[in-house]
Amino acid sequence: MEAEGLLGRYAIGGAMAAIFYVEPFTTYDLDIFFAASVSGGLALMAPVYEYLAAAGYEAEGEAVSIEGWPVQFLPTYNPLVVEAVEQAAEITFKGTPTRVLGAEHLVAIMLQTGREKDYARAAKFLEEGVVNVERLTDIVSRHGLTDKWREFSGRIGE
Amino acid sequence: MKEKTDISEILERKAERRRSLARLPYEEKVEIVRRLQELSREIKESRDENEGLRRMRKTAEGR
């Protein structure tokens, strides 16, 4: 879809991106963040949904069911997510090239989102040593998350 | 007084297991997620089934 110009640069985010870095855990959906050059709410998604419907993948609520996975397409909604997609890691999945958000950006997004489950996941990233703390500190400071980072570090005793 | 049991070795093994799972290729991890989803669905179905049986038993007892 990116090659056909339907989506801007995209990357896997959310729980399925987290699983790239840490031990697998139960999750039910796949979040795809994509660069949106214009703001247009849900109308932005219409060509994507049409393209997928033509390929036999129907919308289910706010997601599209693709090969048994509810896939949610999310436009990059703030500067942190824009940067995360721009700097996403290039990977291959079963021989197909794709991208996954970097570990440090994922943790920064978790801090920004700030739900308990996000903090628990962020703690796992730090416990497992998959985060470059210097790089993370740089990201949180540039995106106004230093206070949240300090509070979180205090909680987990980093 | 009963001595506390040392479980540090067990915890260390569990941590090592988590680290080894984290090192698996992405494809294998996604497959594990699929299996976890199935397991979760089976547990939910079993819970719903047992809930139905519990209700039936309760109704029968009330008669």
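Residues numbered from 1 in each chain as written. Chains lettered and ligands numbered in written order. Predicted model: local features only at pLDDT ≥ 70, side-chain atom pairs only at ≥ 80, totals over all residues. Heavy atoms only, no water.

Visitor: Please explain the interface of chain A and chain B as it appears in this structure.
Guide: Of the residues lining the interface, 22 residues belong to chain A; the matching set on chain B comes to 14 residues. In this assembly, chain A and chain B are joined by 2 salt bridges. The shortest N-O distance in the salt bridge between Arg18 of chain B and Glu128 of chain A comes to 3.9 Å. At the junction of chain A with chain B, the criterion picks out 8 residue pairs in polar contact (both at pLDDT 80 or more). (Contact = heavy atoms within 4.5 Å. Salt bridge = Lys/Arg side-chain N within 4 Å of Asp/Glu carboxyl O. Polar contact = N/O pair within 3.5 Å; in protein donor to acceptor, adjacent residues only side chain to side chain.)

Visitor: Just to check I follow, could you spell out unusual backbone geometry for this structure?
Guide: As a rule of thumb, non-glycine residues mostly have phi less than zero, and peptide bonds are mostly trans rather than cis. Residue and element names in this part refer to chain A. At Glu67, a position not held by glycine, the phi torsion is positive, near 50°. Tracing the backbone through its elements, the reader meets Glu67 in the loop between β4 (63-66) and β5 (69-75). Although it is not a glycine, Lys94 sits at a positive phi angle of roughly 50°. When you line up the elements, Lys94 lands in the loop between β6 (89-93) and β7 (96-100). (Helix = DSSP H or I, 4+ residues; strand = E, 2+ residues; numbered from the N terminus.)

Visitor: So what exactly am I meant to see when it comes to a nonpolar patch on the surface here?
Guide: A cluster of nonpolar residues, Ile7, Ile10 and Leu11 of chain B, forms a patch on the protein surface that exposes about 270 Å² of accessible area. Within the fold, Leu11 of chain B resides in helix α1 (residues 8-22). (Patch = residues over 30% accessible without salt bridge, like charges linked within 9 Å, V, L, I, M, F, W, Y side chains within 5 Å. Areas by Shrake-Rupley, 256 points an atom, 1.4 Å probe, with all protein chains shown as cover.)

Visitor: Before we go on, may I ask you to explain the nonpolar core in this structure?
Guide: Where a protein is soluble and globular, its nonpolar side chains tend to be buried together. Among the nonpolar cores identified, the biggest contains 54 residues, and Ile12, Met16, Phe73, Leu101, Phe125 and Phe152 of chain A are the most heavily contacted of them. Counting residues per element, this core draws most heavily on helix α4 (residues 103-113) of chain A, which supplies 7 residues. (Core = buried A, V, L, I, M, F, W, Y, C linked by side-chain atoms within 4.5 Å. Buried < 20%, exposed > 50% of the residue type's maximum accessible area, 1.4 Å probe, protein only.)

Visitor: Is there a simple way to think about the pairing of β4 of chain A in this case?
Guide: The two faces of the sheet receive side chains in turn, since in a regular strand these alternate between them. Residues and elements named next belong to chain A. The two faces of β4 match: Ala63 and Ser65 on one face and Val64 and Ile66 on the other face are all buried. The pairing of strand β3 (residues 59-60) with β4 spans 2 bridges and is classified as antiparallel. Its bridge partner lying in β4, Ala59 is registered against Val64. Hairpin connection, β3 to β4: the antiparallel pair is bridged by 2 residues, and Gly61 has positive phi, about 65°. Bridge count for β4 against β5 is 3 bridges, and the pairing is antiparallel. Paired with Ser65 across the strands is Pro70, a residue of β5. Connecting β4 to the antiparallel partner β5 that follows it, the hairpin turn spans 2 residues, and Glu67 within it adopts a positive phi of roughly 50°. (Pairing = 2+ DSSP bridges.)

Visitor: Help me understand helix α3 (residues 79-86) of chain A, please; the structure alone is not making it clear to me.
Guide: Side chains three or four residues apart in an α-helix point the same way, a direct result of the helix having 3.6 residues per turn. Residue and element names in this part refer to chain A. For α3, the set of buried residues is Leu80, Val81, Glu83, Ala84 and Val85. In this structure, the buried residues of α3 make contact with β1 (10-13), β2 (30-34), α4 and α6 (133-142). If you check the start of α3, you find a side-chain oxygen 3.1 Å away from the backbone N of Leu80, and it comes from Asn78.

Visitor: Hey, could you run me through the environment of Asn132 of chain A in this one?
Guide: All names here are of chain A. Along the chain, the position of Asn132 falls in the loop between α5 (116-127) and α6. With 28 residues separating them in the primary sequence, Asn132 and Glu104 have C-alpha atoms 6.8 Å apart. Within the structure, Asn132 has its side chain in polar contact with the backbone nitrogen of Glu134 (distance 3.0 Å).

Visitor: For this particular structure, what's the right way to read the environment of Pro97 of chain A?
Guide: Residue placement: Pro97 of chain A occurs in strand β7. Non-local contacts of Pro97 of chain A, meaning those with residues more than four positions away in its chain, are made with Tyr10, Ile91 and Thr92 of chain A.

Visitor: Which parts of the structure should I look at to understand the side chain of Asp31 of chain A?
Guide: Residue and element names in this part refer to chain A. Structurally, Asp31 is set in strand β2. Look at Asp31: it is buried, it has no salt bridge, and the nearest opposite charge is Arg121 at 7.1 Å. Those residues in contact with Asp31 that lie beyond four places of it in its chain are Ala11, Ile12, Gly13, Gly14, Gln72 and Leu74. (Lys, Arg positive; Asp, Glu negative; His and termini not counted.)

Visitor: Would you explain a negative patch on the surface in this entry?
Guide: All names here are of chain B. On the surface, a cluster of negative charge is contributed by Glu31, Glu38, Glu42, Glu45 and Glu49. Counting through the fold element by element, Glu49 comes out in helix α2 (residues 26-62). You can call Glu49 exposed: its relative accessible area is 56%. (Charge placed at Lys NZ, Arg CZ, Asp CG, Glu CD.)

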